[in-house]
Amino acid sequence: MPDQSYYVHLESLNHFVRELENQIHAMSKPDDSLLTLGDHPLLFGEFGEAGSLADAHRAAVAEMRGLLDQVKGAITFAQDVTTTVADGYEQADQTVAGDLNTSGYDGGSGVIGGVTGAVDGLLTGVGSLLTGGQASPGGTNG
């Protein structure tokens with residue numbers, strides 16, 4: 001029978017969340033520059049092509065800001081999901097460790113109930129994030 005266990009390296013998930021935070025921070029720099037571009041009047045001159053160029057410039061800046069906002073939103077969503085998953089697995093580890101320590105693991109259902117409750121909590125939190133609700137990371141003891 002093949003090994004059906006899984007392995008989650010929590011530190012890798014936490015590192016991934018930190019990298020996403022770095023990406024969000026890096027996104028704010030171009031956004032700040034775009035804000036500055038939009039705040040200053042363009043002095044191209046008083047002729048038709050200059051006016052058209054200024055309009056096109058403002059539209060491009062607005063579009064770029066919109067795209068940056070979408071990217072930051074996607075990164076924030078990935079960060080929230082990753083944090084919820086990491087918190088859920090950490091809670092599951094703590095629940096299993098606690099159940100193993102208190103029950104002296106005798107093969108009974110106490111450990112399995114705790115694991116099931118922790119995994120249910122993890123899945124509920126991820127499902128809530130995916131449907132746009134508030135996540136409640138961690139599991140429940142069963």
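The rules we used
- Residues numbered from 1 in each chain as written.
- Predicted model: local features only at pLDDT ≥ 70, side-chain atom pairs only at ≥ 80, totals over all residues.
- Heavy atoms only, no water.
- Helix = DSSP H or I, 4+ residues; strand = E, 2+ residues; numbered from the N terminus.
- Buried < 20%, exposed > 50% of the residue type's maximum accessible area, 1.4 Å probe, protein only.
- Contact = heavy atoms within 4.5 Å.
- Areas by Shrake-Rupley, 256 points an atom, 1.4 Å probe, with all protein chains shown as cover.
- Polar contact = N/O pair within 3.5 Å; in protein donor to acceptor, adjacent residues only side chain to side chain.
- Salt bridge = Lys/Arg side-chain N within 4 Å of Asp/Glu carboxyl O.
- Core = buried A, V, L, I, M, F, W, Y, C linked by side-chain atoms within 4.5 Å.
- pLDDT = per-residue confidence, 0-100.

**Student:** If you had to explain the overall build of the chain to someone new, which residues and values would you point to?
**Tutor:** If you tally the helices and strands in the chain, you get 3 helices and 0 strands. Secondary structure elements of the chain, listed N to C terminal, follow the sequence α-α-α. For the chain, the residues scored as buried account for 23% of the 142 residues in total. Restricting to contacts in the chain with at least 6 residues of sequence separation, those with at least 24 account for 67%. When the accessible surface of the chain is totalled, it reaches about 9,400 Å², and 58% of it is carbon and sulfur.

**Student:** Describe the environment of Thr76, naming the residues involved and giving the relevant values.
**Tutor:** In this fold, Thr76 is placed in helix H2 (residues 48–103). In this structure, the C-alpha to C-alpha distance between Thr76 and Leu20, residues 56 residues apart in sequence, is 7.6 Å. A polar side-chain atom of Thr76 sits 2.8 Å from the main-chain carbonyl oxygen of Lys72.

**Student:** Help me get a handle on the side chain of Thr82, residues and values and all.
**Tutor:** Topologically, Thr82 is positioned in helix H2. Residues in contact with Thr82, not counting those within four places in the same chain, are Leu13, Phe16 and Val17.

**Student:** If you had to explain the pattern of salt bridges to someone new, which residues and values would you point to?
**Tutor:** Across all of its chains, the model carries 2 salt bridges by this definition. For Glu11, the salt bridge identified is with Arg18, shortest N-O distance 2.9 Å. For Arg18, a relative accessible area of 38% corresponds to the partly exposed category. A salt bridge links Asp55 to Arg58; the nearest nitrogen and oxygen atoms lie 2.6 Å apart. Within this pair, Asp55 and its partner Arg58 are both found in helix H2, separated by 3 residues, close to a single helical turn. What makes Asp55 partly exposed here is its relative accessible area of 47%. A residue is classified by how much of its surface remains accessible, and Arg58, at 47% relative accessible area, is partly exposed.

**Student:** Can you tell me about the environment of Ala86, naming the residues and giving the values?
**Tutor:** By secondary structure assignment, the location of Ala86 is in helix H2. Non-local contacts of Ala86, meaning those with residues more than four positions away in its chain, are made with Leu10, Leu13 and Asn14.

**Student:** Give me the lowdown on the nonpolar core, citing residues and values where you can.
**Tutor:** A general feature of soluble globular proteins is that nonpolar side chains tend to end up buried together. Core analysis: the biggest nonpolar cluster contains 6 residues, these being Leu20, Met27, Leu34, Val61, Leu68 and Ile75. Mapped onto this core, the elements with two or more residues apiece are helix H1 (10–39) and H2.

**Student:** Lay out the confidence of the model for the chain in plain terms, naming residues and giving numbers.
**Tutor:** Interpretation of the predicted coordinates at a detailed level should be avoided for regions scoring low in pLDDT. With 65% of its residues at a pLDDT of at least 70, the chain reaches an overall mean of 75. Per-element mean pLDDT across the chain ranges from 60 in helix H3 (residues 109–130) up to 86 in H2. Note that residues 134–142 has pLDDT below 50 and, in this model, 24 contacts with residues that lie over four places away or in other chains.

**Student:** Tell me about the environment of Val81, and please be specific about residues and values.
**Tutor:** Relative to the helices and strands, Val81 is located in helix H2. Look at Val81 and you get buried, because its relative accessible area is 17%. With 64 residues separating them along the chain, Val81 and Val17 place their C-alpha atoms 9.4 Å apart.

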